[in-house]
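Residues per chain, in single letters:
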Amino acid sequence: MDRIRVMVCPPNEHAYTGKLKNDKISYQKITGGEYKVERADKNTVVIYNKAMTEKGDKPNRRVGDLIICGTFFLAGASDNELYEELDAEQIQYYNGILGKPEEITDEDMEIQDTFCRESIGKDFAYINNINFHMNHSQTDAKQIAESYKTADKTAAKEFLKDLHSIFVETFGTNHVDDLADEGEGMIHLPAVLQSEKTGDIRIGLVTVDAESSGEHWGTQHMISKGFFDTYDEDIDEQCKAELHSFGAYKYWYTPTYFGDIHVNKLDMPDEVRDMIKYAVGNDEQTQGMQMGEM
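Residues numbered from 1 in each chain as written. Predicted model: local features only at pLDDT ≥ 70, side-chain atom pairs only at ≥ 80, totals over all residues. Heavy atoms only, no water.

Things to note about the overall build of the chain
Note the threshold: Put simply, DSSP marks the helices as runs of H or I at least four residues long and the strands as runs of E at least two long, and each gets a number from the N terminus on. Atoms counted for the radius of gyration: C-alpha only. Globule rule: 2.2 Å times residue count to the power 0.38. Buried means the residue's accessible area, taken with a 1.4 Å probe over protein chains only, is under 20% of the maximum for its type, while exposed means over 50%, and partly exposed covers the values in between. In this analysis, two residues are considered to be in contact whenever any of their non-hydrogen atoms come within 4.5 Å of each other.
Regarding its fold elements, the chain presents 10 helices and 13 strands. Relative to its length of 294 residues, the chain is compact, with a C-alpha radius of gyration of 20 Å against a globular reference of 19 Å. Overall size of the chain, expressed as C-alpha extent along the three principal axes, is 60 × 40 × 40 Å. Out of the 294 residues in the chain, the part that is buried amounts to 50%. Across the chain, every contact between residues at least 6 apart in sequence was considered, and the portion connecting residues at least 24 apart equals 64%.

This is the structure we're talking about:
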């Protein structure tokens, strides 16, 4: 393909789409020099200036774990060194995430230097892969939430299995300890949650700091209208009620994470064990943690 449609994100400006000559020289012209390529999802790449980002020159936008500096662009992923064009869905999705300019402070750059962030990180791609999967499969959040109350929990099991499979595909491993060794920071882990108050269970994405032995930073709960956190703003009363009625909870990951020192090795309820065993396809030991009131 001689020219491809890409989404360009300049510093302090809104993103725009346009046709780009599909060769390395054109990539360098857009980014302003030597470029680095990372996955935004399994079908999309981010191409940005390597030296400017390392030096903190002309901060642009926060993408995953990294503040990218200088102009960058998104294109379709490819198996070779030239890339594909974006389709309408990719453009709409990433315009919603990266379309607006972002104010980056000197303090933000100092924090990045302190933590030595050198890449976007795979977790950014994991969340995007989940979102695209849910859209393509027309995931029925209400059906999943209703299945929590059933004996077999079929819809919930299938969705948890999808989340786990996407995790392994994106990160290339089922072991969080490996990711910690690779320098991954905040990671969303697919998990089963159990309410301390009612004993009810639901699926969640638990955010932990892999570099701090699993320190918990938040949980996205899968409820009847999708994934929500108790700290989300502008959610309707039904979502608020579903989130806050759950109360304090315990959770168990589907990935294996022996380095999580914050975990209490509690007995796992049979119904939770059944769901996780179905999701991972084997009977590996998993870990649980008890959370305080939210």
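Comments concerning the pairing of strand β12 (residues 249-253)
Formally: In this description, strands pair whenever DSSP reports at least two bridges between them.
Burial of β12 is extensive: five of the five residues sit out of reach of the surface. Neither face of β12 is left uncovered, since the one carrying Tyr-249, Tyr-251 and Tyr-253 and the one carrying Lys-250 and Trp-252 both have all their residues buried. Pairing between strand β8 (residues 186-195) and β12: five bridges, direction antiparallel. Note on β12: the bridge partner recorded for Leu-193 is Tyr-251.

What to know about the packing of helix α3 (residues 88-98) against helix α5 (residues 122-136)
What counts here: Orientation is described by lines fitted to C-alpha atoms, with helices fitted over the stretch in contact, and by angles between N-to-C directions that extend from 0 to 180 degrees. In this scheme, roughly parallel covers angles under 35 degrees and roughly antiparallel covers those over 145, while 65 to 115 is roughly perpendicular and the rest are oblique. Should the near helix be turned anticlockwise from the far one by less than a right angle, the crossing is left-handed, and should it be turned clockwise, the crossing is right-handed. Each residue gets one of three labels, nonpolar for Ala, Val, Leu, Ile, Met, Phe, Trp, Tyr, Cys and Pro, charged for Asp, Glu, Lys and Arg, and polar for the others, Gly among them.
At their nearest, the axes of α3 and α5 sit 12 Å apart, and the two run at 130° to each other. In terms of axis orientation, α3 runs oblique to α5. Considering the relative orientation of α3 and α5, their crossing is right-handed. Residues Glu-89, Gln-90, Tyr-93, Tyr-94 and Ile-97 of α3 form the contact with α5, whose participating residues are Phe-124, Ile-127, Asn-128, Asn-131, Phe-132, Asn-135 and His-136. Grouping the constituent residues of the contact of α3 with α5 by class yields six nonpolar, five polar and one charged.

Some remarks on the layout of surface pockets
If you roll a probe as big as a water molecule over the atoms, it shows you where there is empty space left. The test is simple: The definitions used throughout rest on a 1 Å grid laid over the protein atoms alone, on which a cavity is an enclosed set of points accommodating a 1.4 Å probe that cannot get out and a pocket is an open set flanked by protein within 12 Å on both sides along at least five of seven lines; lining residues are those having an atom within 4 Å of a point. Grid points are joined across faces, edges and corners, and a volume is the space filled by probe spheres set on the points.
Roughly 650 Å³ of internal volume is contained in the largest pocket. Taken together, 23 residues make up the lining of the largest pocket; nearest its centre are Arg-62, Gly-64, Asp-65, Leu-66 and Met-186. Broken down by secondary-structure element, the contributors of at least two residues to the lining of the largest pocket are β5 (59-63), β6 (66-69), α4 (106-115), α5 and β8.

Description of the state of the cysteines
Test applied: Cysteine sulfur atoms are paired as a disulfide whenever they come within 2.5 Å of each other.
Counted according to the given criterion, the structure contains zero disulfides. Left without a disulfide partner, Cys-69 is nearest to the cysteine sulfur of Cys-9, which lies 14 Å away.

Some points on the nonpolar core
Put simply, the rule reads: Buried Ala, Val, Leu, Ile, Met, Phe, Trp, Tyr and Cys residues that are joined via side-chain atoms within 4.5 Å together make up what is termed a nonpolar core.
Ile-203 and Met-222 are the most contacted members of the largest nonpolar core, which has 42 residues in total. Among the secondary structure elements, those contributing two or more residues to this core are α5, α6 (141-147), α7 (154-171), α8 (176-181), β8, β9 (201-209), β12 and α10 (270-280). Counting residues per element, this core draws most heavily on α7, at eight residues. Among all residues touching Met-222, those that are not within four sequence positions of it are Met-134, Thr-139, Ala-141, Ile-144, Tyr-148, Phe-159, Arg-202, Ile-203 and Phe-227. Membership of the second largest hydrophobic core comes to 18 residues, among which are Met-7, Tyr-48, Val-63 and Leu-98.

Focus: the side chain of Thr-219
Note the cut-off: Any pair of nitrogen or oxygen atoms within 3.5 Å is treated as a polar contact; in protein, a donor-acceptor pairing is required on top of that, and neighbouring residues in sequence qualify only through side-chain atoms on both sides.
Its location among the elements puts Thr-219 in strand β10 (residues 215-223). Among the polar contacts listed, one links the side chain of Thr-219 to the side chain of Tyr-249, at a separation of 2.8 Å. Discounting chain neighbours no more than four positions away, the residues touching Thr-219 are Leu-193, Leu-205, Val-206, Phe-228, Asp-229 and Tyr-249.

Description of the sheet that holds strand β7 (residues 72-76)
Taken in spatial order, the five strands line up as β2-β1-β7-β4-β3 in an open sheet, and their pairing is antiparallel. Only two strands of the sheet have a single neighbouring strand rather than two, namely β2 (16-21) and β3 (35-41). Between one strand axis and the next, the sheet turns by 35° as a mean value, whatever way the strands run. Where strand β4 (residues 44-49) meets β7, four bridges bridge the pair, whose relative direction is antiparallel.

Description of the pattern of salt bridges
Put simply, the rule reads: Salt bridges are defined as contacts in which a side-chain nitrogen from Lys or Arg sits within 4 Å of a carboxyl oxygen from Asp or Glu.
Counting across every chain of the model gives 13 salt bridges. As a salt-bridge pair, Arg-62 and Glu-102 come within 3.7 Å of each other at their nearest N and O atoms. Residue Arg-62 is found in strand β5, and its partner Glu-102 is found in the loop between α3 and α4; the two are separated by 40 residues along the sequence. For Arg-62, a relative accessible area of 38% gives the class partly exposed. Take Glu-102: its relative accessible area is 28%, and that puts it in the partly exposed class. Notably, a salt bridge pairs Glu-237 with Lys-240, separated by 3.5 Å at the nearest N-O pair. Of this pair, Glu-237 and Lys-240 both sit in helix α9 (residues 237-246), three residues apart, which is roughly one turn of that helix. For Glu-237, a relative accessible area of 59% corresponds to the exposed category. Note on Lys-240: relative accessible area 34%, which makes it partly exposed. Salt bridges sharing partners connect three or more residues here, namely Arg-5, Lys-19 and Glu-85.

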